[in-house]
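Descriptive structure summary
For reference, the chains in residue letters:
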Amino acid sequence: MRNAYTFILALILALGLAQPVWSAQAIDGDELLRTIDRNLAPESYESYRKIINIEPDGSKREYTLYTVKKGQDRIASVFLTPTSDKGRATLRLGENMWLHIPNVGKPVRITSLQSVTGGIFNNADIMRLDFHVEYTVQGVEDKGESHLLRLKAKTREVAYDRLEMLVDKQALVPTEIRCLAASGMLIKTLYFKKPTDFGDGFKRPTVIETDSPLHKGYKSVMIFAKVQRRDLPDEVFTLNYLPRVESLRQ
């Protein structure tokens, strides 16, 4: 009887110890990444953002943008301020990006590693697609109150070869993302702060700060003032519509 009791107790303890490991293995990383994407923004939405570039001497340059996005790979923005940049507009269709400048001919092609605002945020950051569109999840690690997702770019055209994304387990939104080159070199770190309720059950960080070991002393901040669901016609995401993006503001 004692041997049977000992066996059963050992079995219960073994199962108890095995449960956390099973739970961690049961996480579908790609499905988790899709959930994170939807927690950061609806699939189709409009938003207002301010981008602030801070120099080592403390001087600042600020930009205000109105942005619309539809589906997984279409996003357009227009500059509202400063006056010198008002009316400039950008369009991203998949990996293709364009910049429209008022009173200049056709929109010009731009790349993901360039920046329409200068500073540390590049065009891939400013015109970001859903993470699951550009990355696959190679691993998920348990970090106590957070998940650590290790992401790998699906193609060479993606701005960062790898991402290390620290995600709050309760809110399922990032708190920090390390952006890495294929060599493993750290390009920049994104810090997600100040979760805010935008209404309709939608809550996300409103501030993204970034710094880079490649640009010591410099800092950039992106602030979301408004994010809300909105259905938009396909026509909005065309080169011909770029000069009229601001007309969508309600």
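Everything that follows concerns the structure shown earlier in this document.
Summary: where empty space remains is shown by rolling a probe the size of a single water molecule over the atoms. In this structure, the largest pocket encloses a volume near 150 Å³. Around the largest pocket sit Leu-113, Ser-115, Gly-119, Ile-120, Phe-121, Asn-122, Ile-187, Lys-188, Ser-212, Leu-214 and His-215, which together line it. Partitioned by chemical class, the residues of the lining of the largest pocket number five nonpolar, five polar and one charged.

Let us look at empty space enclosed by the protein. Taken as a whole and assessed by the stated rule, the structure comprises one cavity of 30 Å³ or more. The calculated volume of the largest cavity comes to roughly 410 Å³. As for the largest cavity, its lining consists of 32 residues, and the residues nearest its centre are Ala-124, Asp-125, Arg-128, Leu-129 and Phe-131. If you list the elements that add at least two residues to the lining of the largest cavity, you get helix H2 (29-40), strand E1 (45-54), helix H3 (123-126), helix H4 (131-134), strand E10 (174-180), strand E11 (186-199), strand E12 (202-211) and strand E13 (219-229). Per-class residue counts for the lining of the largest cavity are 21 nonpolar, one polar and ten charged.

Attention now goes to the environment of Ile-27. One can find Ile-27 in the loop between helix H1 (2-26) and H2. With 112 residues separating them along the chain, Ile-27 and Gly-139 place their C-alpha atoms 9.6 Å apart. Non-local contacts of Ile-27, meaning those with residues more than four positions away in its chain, are made with Leu-32, Val-140 and His-147.

Generally, phi is negative for residues other than glycine and the peptide bonds are trans, each holding for most cases. With an omega of 0°, the peptide bond between Thr-81 and Pro-82 qualifies as cis. When you line up the elements, Pro-82 lands in the loop between strand E3 (74-81) and strand E4 (89-93). One non-glycine residue, Asn-103, lies in positive phi territory at about 65°. Considering the arrangement of structural elements, one finds Asn-103 in the loop between strand E5 (96-100) and strand E6 (108-110). For Asp-200, which is not glycine, the phi torsion reads 60° and is therefore positive. The exposed category is assigned to Asp-200, whose relative accessible area is 67%.

In terms of nonpolar packing, the biggest core is built from 44 residues, with Leu-149 and Met-165 touching the most fellow members. Here this core gets four residues from one element, more than from any other, and that element is H2. Leu-149 has contacts with Gly-29, Leu-32, Leu-33, Ile-36, Val-137, Gly-139, Val-140, Leu-163, Glu-164, Met-165 and Val-167, leaving out every residue within four places of it along the chain. Counting residues in each nonpolar core, the second largest holds 16 residues, with Tyr-66, Val-78, Val-236 and Leu-242 among its members.

Before going further, it helps to spend a moment on the pattern of salt bridges. The tally for this structure, following the rule as stated, stands at 26 salt bridges. Residues Asp-234 and Arg-74 are paired through a salt bridge, measuring 3.0 Å at the closest nitrogen-oxygen approach. Residue Asp-234 is located in the segment after E13, and its partner Arg-74 is located in strand E3; the two are separated by 160 residues in the primary sequence. One salt bridge connects Lys-193 with Glu-209, and the closest N-O pair in it is separated by 2.9 Å. Here Lys-193, found in strand E11, pairs with Glu-209, found in strand E12; they are 16 residues apart in sequence, far enough to count as distant. Classification of Lys-193 by relative accessible area gives partly exposed; the value is 35%. A relative accessible area of 16% means that Glu-209 is categorised as buried.

Conventions used here
- Residues numbered from 1 in each chain as written.
- Predicted model: local features only at pLDDT ≥ 70, side-chain atom pairs only at ≥ 80, totals over all residues.
- Heavy atoms only, no water.
- 1 Å grid on protein atoms, 1.4 Å probe; cavity = no way out; pocket = protein on both sides within 12 Å on 5 of 7 lines; lining within 4 Å.
- Points joined across faces, edges and corners; volume = space filled by probe spheres on them.
- Nonpolar A, V, L, I, M, F, W, Y, C, P; charged D, E, K, R; others polar.
- Helix = DSSP H or I, 4+ residues; strand = E, 2+ residues; numbered from the N terminus.
- Contact = heavy atoms within 4.5 Å.
- Buried < 20%, exposed > 50% of the residue type's maximum accessible area, 1.4 Å probe, protein only.
- Core = buried A, V, L, I, M, F, W, Y, C linked by side-chain atoms within 4.5 Å.
- Salt bridge = Lys/Arg side-chain N within 4 Å of Asp/Glu carboxyl O.

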